[in-house]
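Structural overview for review
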Amino acid sequence: MIRRPPRSTPLYSSAASDVYKRQSYECASWGLRVGSSILDGLLLGLVSGVASLLGDAAGNIAWVAFAVWNAIYLQGTTGQTLGKRVVGTQLVRKVRRHPGTEHLVAPGPATALLRRIAQILDSLSLGIGYLAPLWTQRRQTFGDLLSQTVVIKASSPIALTGAEPNDQAATW
């Protein structure tokens, strides 16, 4: 029998694993999702207004930088945009770490970008994709389905780790 040395750091955050093990997470309602989108839009509008005072080029750079930071970087690393943080929701992805074990992880910036691009389908479908959370089992938009993410209720943010190199996407 080969014994492995004990790990000095856990494979995953205990908060995220506890939520998954207890199956206590709840998919966010359509109203919460709309609320966080409205807040993110208002913040983007505010940044755009302030950035316009800087002039055309600098203002556009500031606006795009904020949009990328909020929707791609912040959401990818923590699962929350500023709007999601205020309303208490979080974007997560489920991965399989070891045979028989599944964990919730932060989506990562690449998945957050993929989800944002996939949301074009939500718009191209005459907005039906944005209404999909009203009838899909896990309240997912088309963008969520394509990026294999789910928005959950999280009144206090769950400390999510990122995916590890050997993680495999797990189906919901």
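Below you will find a few notes about this structure. None of the values given here were measured: they were computed from a predicted structure.

**Some details on the pattern of salt bridges**
Within the structure shown, the criterion is met by three salt bridges. Note that E26 is salt-bridged to K153, the shortest N-O span being 3.5 Å. Of this pair, E26 sits in the loop between α1 (14-22) and α2 (30-52) while K153 sits in strand β3 (residues 149-153), placing them 127 residues apart in sequence. Note on E26: relative accessible area 42%, which makes it partly exposed. Where D144 meets R115, a salt bridge forms, and the shortest distance between an N and an O atom there is 2.6 Å. Of this pair, D144 sits in helix α7 (residues 142-147) while R115 sits in helix α5 (residues 109-124); the two residues are 29 residues apart in sequence, bridging distant segments of the chain. Per residue, the accessibility class of D144 equals that of R115, and both read buried. Sharing partners across several salt bridges, the network here consists of R33, R115 and D144.

**Considering the packing of aromatic side chains**
Under the definition given, this model contains one aromatic pair. Between the aromatic rings of F66 and W69, the centroid separation amounts to 6.0 Å while the plane-to-plane angle is 40 degrees, which identifies the pairing as tilted. With F66 and W69 both in helix α3 (residues 56-78) and three residues apart, the pair spans about one turn of that helix. Exposure remark for W69: the relative accessible area of 36% places this residue in the partly exposed category.

Reading guide: rules and limits
- Per chain, residue numbering runs from 1 following the sequence as it is written.
- Totals for whole chains, interfaces and linings use all residues, but because this is a predicted model, local features are given only for residues with pLDDT of at least 70 and pairs of side-chain atoms are given and counted only at 80 or more.
- In computing side-chain values, all of the structure's heavy atoms are included and hydrogens and water are not.
- Salt bridges are counted wherever a side-chain nitrogen of Lys or Arg sits within 4 Å of a carboxyl oxygen of Asp or Glu.
- Here a strand is any run of E in DSSP of at least two residues, a helix any run of H or I of at least four, and the numbering for each starts at the N terminus.
- Exposed residues in this analysis have more than 50% of their type's maximum accessible area, buried residues have under 20%, and partly exposed residues fall in between, with area computed by a 1.4 Å probe over protein chains only.
- Between 30 and 60 degrees the pair is tilted, below 30 it is stacked and above 60 it is edge-to-face, where a pair is any two Phe, Tyr or Trp rings, Trp via its six-membered ring, whose centres lie within 6.5 Å.

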